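Chains, contacts and geometry: an overview
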Amino acid sequence: MDTETTVRHTAAHLVDGGLDAKIPPGPIDEKWERHRFDMKLVSPANRRGYTILIVGSGLAGSAAAASLGELGYNVKCFSYHDSPRRAHSIAAQGGINAAKNYRNDGDSIFRLFYDTVKGGDFRAREANVYRLAELSGNIIDQCVAQGVPFAREYGGLLDNRSFGGAQVSRTFYARGQTGQQLLLGAYQALERQVGLGTVAMHTRAEMLDLVVVDGRVRGIVTRNLVTGAIESHPGDAVVLATGGYCNVFYLSTNAKASNATAIWRAHKRGAFFGNPCFTQIHPTCIPVSGDHQSKLTLMSESLRNDGRVWVPKKAGDTRPPDQIPPNERDYYLERKYPSYGNLAPRDISSRAAKEVCDEGRGVGPGGRGVYLDFTDAITRLGERAIRERYDNLFDMYERITGENGYQVPMRIYPAAHYVMGGLWVDYNLMSTIPGLFVAGEANFSDHGANRLGASALMQGLADGYFILPYTIADYIGRTRPDKVDTSHPAFRAVEEEVLGSITRLLDVKGKRTVDSFHRELGRMMWDYCGMARNDAGLRRALEKIPELRAEFWKNVRVLEGNEEVNQSLEKAGRVADFLELGELICIDALHRRESCGGHFREESQTQDGEALRDDEQFAYVAAWEYTGTLARPNLHKEPLHFEYLQLTQRSYK
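Everything in this summary refers to the structure shown in the same document. Position numbers for residues start from 1 in each chain and track the written sequence from start to end. Confidence filtering applies because this is a predicted model: local features only for residues at pLDDT of at least 70, side-chain atom pairs given and counted only at 80 or more, and all residues used for totals across whole chains, interfaces and linings. Side-chain figures throughout are based on the complete set of non-hydrogen atoms in the structure, without hydrogens or water.

1. Examining the overall build of the chain
Basically, it comes down to this: Helix numbers and strand numbers start at the N terminus; a helix is a DSSP run of H or I with at least 4 residues, a strand a run of E with at least 2. Only protein chains enter the calculation, and the probe is 1.4 Å; a residue is then buried if its accessible area is under 20% of its type maximum, exposed if over 50%, and partly exposed in between. Accessibility throughout is a Shrake-Rupley quantity obtained with a 1.4 Å probe, and a residue counts as covered only by protein chains that appear here. The charge count includes Lys and Arg as positive and Asp and Glu as negative, but it does not include His or the ends of the chains. One atom stands in for each charge, and that atom is NZ of Lys, CZ of Arg, CG of Asp or CD of Glu.
Within the chain, the secondary structure is distributed over 18 helices and 21 strands. Summarising its shape, the C-alpha atoms of the chain cover approximately 75 × 60 × 50 Å along the three principal directions. Taken over 653 residues, the chain has a buried fraction of 62%. When the accessible surface of the chain is summed, it comes to about 24,800 Å², and 47% of that surface belongs to carbon and sulfur atoms. Charge centroids of the chain, computed over 79 positive and 82 negative side chains, lie 2 Å from each other.

Right under this line is the structure:
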């Protein structure tokens, strides 16, 4: 794309040198309602004339496809899986937040709004977060109507449990299978529209590039993962709902196929990338067991409702846990954060675990683990009650570790889990490329610098069911895009670029496997840009990543050819993108010389080791523009203004 076009299509978002999020005026509790009324509508008779392309079929993608299909649009949904049911949303375990106040414990829309902004360390937009809290109750009603089997109390009412970063019980759950049950609900809604002919499902199809015509998105180019065919698909709007990029760390809790390709290729076509360094480390994962591992396993945060986290008080104490008496144990979360205890937020709990392990008090092989102990809960409630709440999680833990969590404490350690960064979007979830919308974890919008547990499912469903159907209609109603088909030169040009990239990968014929490059990149990212970051380490990473990328293009070995199933080729393309995205993550982390949420700069901490923000210098969203040179992206800033919440030092003590 030429520079003139890039400037033209982003100019509408740039105001006085800063990004305009197009937040509607008025009181915060009226913004969304007023905005919906002011939006343009598309009449039912006209909707079938517009094609919406939705890339990704997890919670956000399936919800959007089902909702837009039911409204009468011509929807095409793309998934690289063989079924939408295999989307990574299915792996979410603990629950979904909503401000229903069923427990009558003081919850409200405003309290959920406050907890979410505070949990994100005041690096999220107030307007977006309030809308999310406002829509949360609708999500539960929608899912109950779909038949999602939420846990219920004895009298039949929906049950709630606590989660990190909140002092109320607002998390709805289905044992440890909440993501699976919610995805099945969205999947059934999607398949109903497929059956009615309003949605065309394209499985085993991976988006490899975006087509932009006259500054507006007009389609995508995909590769058929079975035949290798490169195919173009025109559309009047495109939604990217492709999840997060945590696999840049190689070892993460994400599914192995989760990747950044769709949003990264869109970034290189002109979509700004927001806060890429904001990645979340989850404190409750099964520890690494050896170099043979290709991914890590999450143990739900919900376990911290009843499990107590501890390590021995004495460094080097290798006694079995049942031989360490209570007075020789350090329940460090309860000690350090008495108000929240074991339900302290994820970023704080993760750093606390790393701290005690760095002191030599970690447990298990290599000393990289802490105990999650259910002895007290079983004594108090009985094993049967614990089984009813978490049975499948205990079964999973035993299958992986060979240890019975009812009889001996689980061992857990932090791992890369989620990204708060993603493509920058305005209040309407539209990126800096007109017509390109981004939903769920693929955008940056609602979680600031740290996501509270049980909020990812909330955001994905809010975006898909309740926001995009309005904002996409407004875009189409205002622009009424002209029809463009695949005969347009822009489609042929992008197809040639995609084929050229594939040919380049196949022609390297080097000696190193794709996985070896990915593993090395992951180690760099974890060592220099993981739970703790510092100036020297980030600068070192910015020297090493380009060197590794150069070696990749000289020495990677991709097996077979393009005209068939070729998972080696699939992985190579995704790792090539990670090798570029990793550099931007480190650039963003280096520029943000403060600690906030999951971004912990060692140079910026309080006397007791907590994150120390710099609101005067960094109270903004960092949105990076691709310039054609990876090492020199342009930084645009969206100032964050807090009208309803006071900027304070975050404390959970």
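2. Notes on the packing of helix 14 (residues 489-508) against helix 17 (residues 567-591)
The axes of two packed helices give the description: the angle between them and the distance between them. To keep things clear, this is the line we draw: In this analysis, axes come from line fits to C-alpha atoms, helices being fitted only over the stretch in contact, and the angle between any two N-to-C directions falls in the range 0 to 180 degrees. Throughout this description, any angle smaller than 35 degrees is read as roughly parallel, any larger than 145 degrees as roughly antiparallel, any in the 65 to 115 degree range as roughly perpendicular, and the remainder as oblique. The criterion used for residue contact is that any of the two residues' heavy atoms lie within 4.5 Å. We call Asp, Glu, Lys and Arg charged. Ala, Val, Leu, Ile, Met, Phe, Trp, Tyr, Cys and Pro are nonpolar, and the rest, Gly among them, are polar.
It is at 11 Å that the axes of helix 14 and helix 17 come closest, and there the two elements cross at 110°. By the angle class used here, helix 14 and helix 17 are roughly perpendicular. In contact with I502, L505 and L506 of helix 14, helix 17 contributes L569, A572 and G573. When its residues are assigned to classes, the contact of helix 14 with helix 17 shows 5 nonpolar, 1 polar and no charged.

3. Quick word on the packing of aromatic side chains
Let me state the cut-off plainly: Stacked, tilted and edge-to-face pairs are distinguished by plane angle, under 30 degrees for stacked and over 60 for edge-to-face with tilted covering the rest, among Phe, Tyr and Trp rings (Trp via its six-membered ring) whose centres lie within 6.5 Å.
If you walk through the whole model with that rule in mind, you get 22 aromatic pairs. Ring geometry for W310 and Y371: centres 4.7 Å apart, planes at 45°, overall tilted. Taken together, the residues W310 in strand 14 (residues 308-312) and Y371 in strand 16 (residues 370-373) connect sequence positions 61 residues apart. For W310, a relative accessible area of 0% corresponds to the buried category. On the basis of an interplanar angle of 15° and a centroid distance of 4.1 Å, the ring pair of F394 and Y406 is categorised as stacked. Remark: Y406 occurs in the loop between helix 12 (383-401) and strand 17 (410-419) and F394 occurs in helix 12; sequence separation between them is 12 residues.

4. Topic: the packing of helix 2 (residues 31-38) against helix 13 (residues 456-479)
Threshold: Should the near helix be turned counterclockwise from the far one by less than a right angle, the crossing is left-handed, whereas a clockwise turn marks it as right-handed.
At a minimum axis distance of 10 Å, the contact between helix 2 and helix 13 shows a crossing angle of 35°. Classified by chirality, the crossing of helix 13 by helix 2 is left-handed. In this structure, helix 2 contributes W32, R36 and D38 to the contact, and helix 13 contributes F466, I467, Y470, T471 and R478.

The analysis is restricted to geometry; functional conclusions fall outside its scope.
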